[in-house]
Amino acid sequence: MKGRAIVLPENIDTDIIIPTQYMTLPTVRRMCSYAFSPLRPELAATVRRGDILVAGKNFGCGSSREQAPEIIRELGFACVIAESFARIFYRNALTNGLLVLEVPGIAAGVKEGDIITVDMEYNKILTPDGGRYGFAAIPDRLAAMLEAGGLVNYYKKLNRAAS
Amino acid sequence: MKHTLSQKILIRHTEERGLQSGDIVETAVDRVMIHDFFTPFCFGKFNEMGFSRVWDPDKIVLVYDHLVPTSFISDSRHHKIGDEFARAHGITHVHRADGVCHQLMPEHGYVKSGDIVLGTDSHTVTYGALGALATGIGYTEMAAVLGTGKIWLKAAPTIRLEIDGELPRGVYAKDVILCVMQRLGADGSSYKVLEFGGSCVRDMSQDQRFTLSNMSVEAGAKAGLIEPDEKTLDYLRERCDGANIDGLKSDEGAAYDRVVEINARDLKPLAACPYNVDNVKPVEDLEGVQIDQVFLGSCTNGRLEDLKVAAEIIGGKKIHPDVRFIVVPASRSIYMQAVRLGYIQALAEAGAIINHPSCGLCAGRSNGILTNGERIVSTNNRNFLGRMGDDRVEIYLASPATAAAAALAGKITSPLTYL
């Protein structure tokens, strides 16, 4: 997978990803235009399908709002690569079939606009200046859920089979 | 094999006697809570997944608190969808205007020591103060739990906080947890459990313990546990049947990820400065910072003791004429007690705005939202960009005493000025 990097700093909290005042909009699609507005109000309109979000440590900290990963997926980001993730966000991302990769050292190695390559076979990120960054494989249980397209699809199949 | 408290709770639920840190286990769940922000999403996903009935209506609690009273026309949709789901599935534990979910769950006896409890809100960790393994999850995972009564959890390593000694005058549980934020950082307990112990924690009231556990998620913690004791039992016996704390403590010699020691005697009043919870400074270094508003409330510090401290500082005085002082008791029951004890009268006579129990300003969409250039001293748990209105409102998180002192002075000042 290859994509254009959009780079954010550390401690991106879920209030930045989607501020509370937009949380009663009826759909995630409608919330998308306000994504990251406290920090980068122009960002939502400039994301292209297949872009890759790169960030520092503790991405997605704060509230449990699941609209955060849903919006990132809906905006068209192919994945989020960060130094580390907050745990509720990490779970919510995989639940929604959004690929999230913890990659130590990545924040300093990528500039906004860089075209970076994610090699899922060898668990490596390649940057334009020749940088190579390894990451741990995703646990099988989570990989299976990603494969199924998220938790909703997983249970849809299960419940359909049972009925 | 020796285990920490959080591991023991997992073992009781799974019979995995050899459980180790990092193991992923599927576990039964004792109680779940869904709040109004997420009712449309959670119940929508439940239906989409193809479930026809919930696993156990008695174990499900719905709380309307983030959108109470409604501020926008679209808010009522969340309550309507909640009500329809509750009716369809025979869920009777529905709180429509009783207060903040994390106060109601313990207060109404929905949580016991040793339970595994999940909520759609990150501050579900609050119930760790009763010795329950409680954590926040997303609404899709909650939808699956509603259908199955089960979830997978990873046995996390534990950071032990050993907090000893007596708190100095003017220093409270809020200052202790702000010190913890300063020491650990906003991701210092990511994927880990915090365990609070030591003589200072044992001496704390149940109200104060809730403040500690509540903010453990601000360091990224999965749970914030306190070993239950006689005080916990007294609290629980008034509220539910079958409370039992036997064996609910970490084994002597259990392996901790690390142990952090804090000497309570050395603590001072602290505040978390904009825009991160770990940007913590002593209040004395912030002396004189002008403020526009004060908020006393939330699941962190909207309890009876918090109102009492503020009423004692403010009683008989007038708040600063340039300051709006907003008070929101965390539950209806706290509100009524505070009325009987005269706290509400003292605060209202001093010039406070008293609002009905709810998340209020901490949910950031009603009841006192601010504009850029304004500053607030608040007793809640988060001071992120855009948390209380415009994107550059400056939020200083502090104890109820420091908040009350700021309301009188119109600026940040040590609570010791008024104690």
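This one's a predicted model, so the numbers in the text were calculated from it and none came from an experiment.

Concerning the overall build of chain A
Phase 1: Check the secondary structure of chain A and you find 8 helices and 7 strands.
Phase 2: Radius of gyration (C-alpha) of chain A: 16 Å, near the 15 Å computed for a compact globule of 163 residues.
Phase 3: In terms of overall dimensions, chain A has C-alpha extents of about 55 × 40 × 25 Å along its principal axes.
Phase 4: Across the 163 residues that make up chain A, the buried fraction comes to 47%.
Phase 5: Partitioning the contacts of chain A with sequence separation of at least 6, the portion at a separation of at least 24 is 66%.

Quick notes on the pairing of strand β7 (residues 150-154) of chain B
All names here are of chain B.
Phase 1: Covered by surrounding structure in β7 are Ile151 and Leu153 only, the residues Lys150, Trp152 and Lys154 on the alternate face being uncovered.
Phase 2: For strand β1 (residues 24-28) and β7, the ladder comprises 5 bridges, and the chain directions are antiparallel. Bridge assignment links Thr27 to a residue of β7, and that residue is Ile151.

A look at the interface of chain A and chain B
Phase 1: Each partner contributes residues to the interface: chain A has 33 residues there, and chain B has 40 residues.
Phase 2: Mapped onto the side of chain A that touches chain B, the elements with two or more residues apiece are α1 (14-17), α5 (87-95) and α8 (151-162) of chain A.
Phase 3: A per-element tally of the side of chain A that touches chain B places α8 of chain A first, with 6 residues.
Phase 4: Class assignment of the residues belonging to the side of chain A that touches chain B gives a composition of 11 nonpolar, 13 polar and 9 charged.

Section: the sheet that holds strand β2 (residues 31-35) of chain B
Residue and element names in this part refer to chain B.
Phase 1: Taken in spatial order, the 5 strands of this open sheet run β4-β3-β2-β5-β6, and their pairing is parallel. The sheet is open, and its two borders are formed by β4 (94-95) and β6 (133-136), each paired with just one other strand.
Phase 2: Taken together, the 4 bridges between β2 and strand β3 (residues 60-63) define a ladder with parallel strand orientation. Directly across from His35, in β3, lies its bridge partner Val63.

Things to note about the domain arrangement of chain B
All names here are of chain B.
Phase 1: Looking at the assigned domains, one finds that chain B contains domain 1 (5-263) and domain 2 (270-417).
Phase 2: Taking only C-alpha atoms into account, the centre of domain 1 sits 24 Å from that of domain 2.
Phase 3: Contact with domain 1, which involves 34 residues of that partner, is made by 34 residues of domain 2.
Phase 4: When residues of the side of domain 1 that touches domain 2 are traced back to their parent elements, those giving at least two are α4 (101-107), α6 (173-184) and α8 (206-214).
Phase 5: A per-element tally of the side of domain 1 that touches domain 2 places α6 first, with 6 residues.
Phase 6: Along the lines of polarity and charge, the residues of the side of domain 1 that touches domain 2 split into 12 nonpolar, 14 polar and 8 charged.

Things to note about the sheet that holds strand β9 (residues 193-197) of chain B
Residue and element names in this part refer to chain B.
Phase 1: Overall, parallel pairing links the 4 strands, which are arranged β10-β9-β8-β11 in an open sheet. Because the sheet does not close on itself, it has two edges, and the strands there are β10 (223-226) and β11 (258-263). Averaged over all neighbouring strand pairs, the angle between strand axes comes to 20 degrees, with direction disregarded.
Phase 2: Relative to β10, β9 runs parallel, the two sharing 4 bridges. Across the sheet, the residue bridging to Leu194 is Gly224, located in β10.
Phase 3: The strands touched by helix α1 (residues 5-14) within the sheet are β8 (158-164), β9 and β10, with β10 carrying the most contacts at an inclination of about 100 degrees.
Phase 4: With respect to the sheet, α8 is in contact with β9 and β10, its orientation differing from that of β10 by roughly 150 degrees.

A short note on the confidence of the model for chain B
Phase 1: Confidence in the prediction for chain B averages 97 pLDDT; 100% of positions are at 70 or higher.
Phase 2: Both confidence scores are given for the complex: pTM 0.95, ipTM 0.90.

Some points on helix α9 (residues 230-237) of chain B
All names here are of chain B.
Phase 1: Those residues of α9 that sit buried are Thr232, Tyr235 and Leu236. Angularly, the buried residues of α9 cover 95 degrees about the axis, an arc narrow enough to put them on a single face. The exposed residues of α9 that point more than 90 degrees off its buried face are Glu230, Asp234 and Arg237.

Thoughts on the nonpolar core
Phase 1: Counting 194 residues, the largest nonpolar core has Val80 of chain A together with Val294 and Ile314 of chain B as the members making the most contacts within it.
Phase 2: Element by element, the count of residues in this core is highest for α6 of chain B, at 8 residues.
Phase 3: Each of domain 1 (5-263) and domain 2 (270-417) of chain B accounts for three or more of the residues forming this core.
Phase 4: Every residue in contact with Ile314 of chain B, bar those within four places of it in the chain, is listed here: Ile319, Ala346, Leu347, Ala350, Ala404, Ala407 and Leu408 of chain B.

Calculation notes
The residue numbers shown here count from 1 along each chain, following its written sequence. In the order they appear in the text, chains get letters beginning with A and ligands get numbers beginning with 1. Residue-level local features of this predicted model are given only where pLDDT is at least 70; pairs of side-chain atoms are given and counted only at 80 or more, and the full residue set underlies all totals for whole chains, interfaces and linings. Labels follow the DSSP assignment, with helices taken as runs of H or I lasting at least four residues and strands as runs of E lasting at least two, numbered in each case from the N terminus. In this treatment the radius of gyration is a C-alpha quantity, and the globule benchmark scales as 2.2 Å times the residue count to the 0.38 power. A residue is called partly exposed when the number of other C-beta atoms within 10 Å of its own lies between 12 and 20, exposed at 12 or fewer, and buried at 20 or more, with C-beta atoms placed from the backbone. Think of it this way: build a C-beta for each residue from its backbone, and any pair within 7 Å is a contact. At least two DSSP bridges between two strands are required for those strands to pair. Residue classes follow a fixed rule: Ala, Val, Leu, Ile, Met, Phe, Trp, Tyr, Cys and Pro count as nonpolar, while Asp, Glu, Lys and Arg count as charged, and any other residue, Gly among them, counts as polar. Per the annotation, domain bounds derive from an automatic or database assignment of domains. Helix axes are fitted only over the stretch in contact, all axes being lines through C-alpha atoms; the angle between N-to-C directions runs from 0 to 180 degrees. Per-residue confidence from the prediction method is given by pLDDT, with values spanning 0 to 100. By construction, the arc corresponds to the directions joining the helix axis to the C-beta atoms. The term nonpolar core refers to a group of buried residues, namely Ala, Val, Leu, Ile, Met, Phe, Trp, Tyr and Cys, whose C-beta atoms join them within 7 Å.

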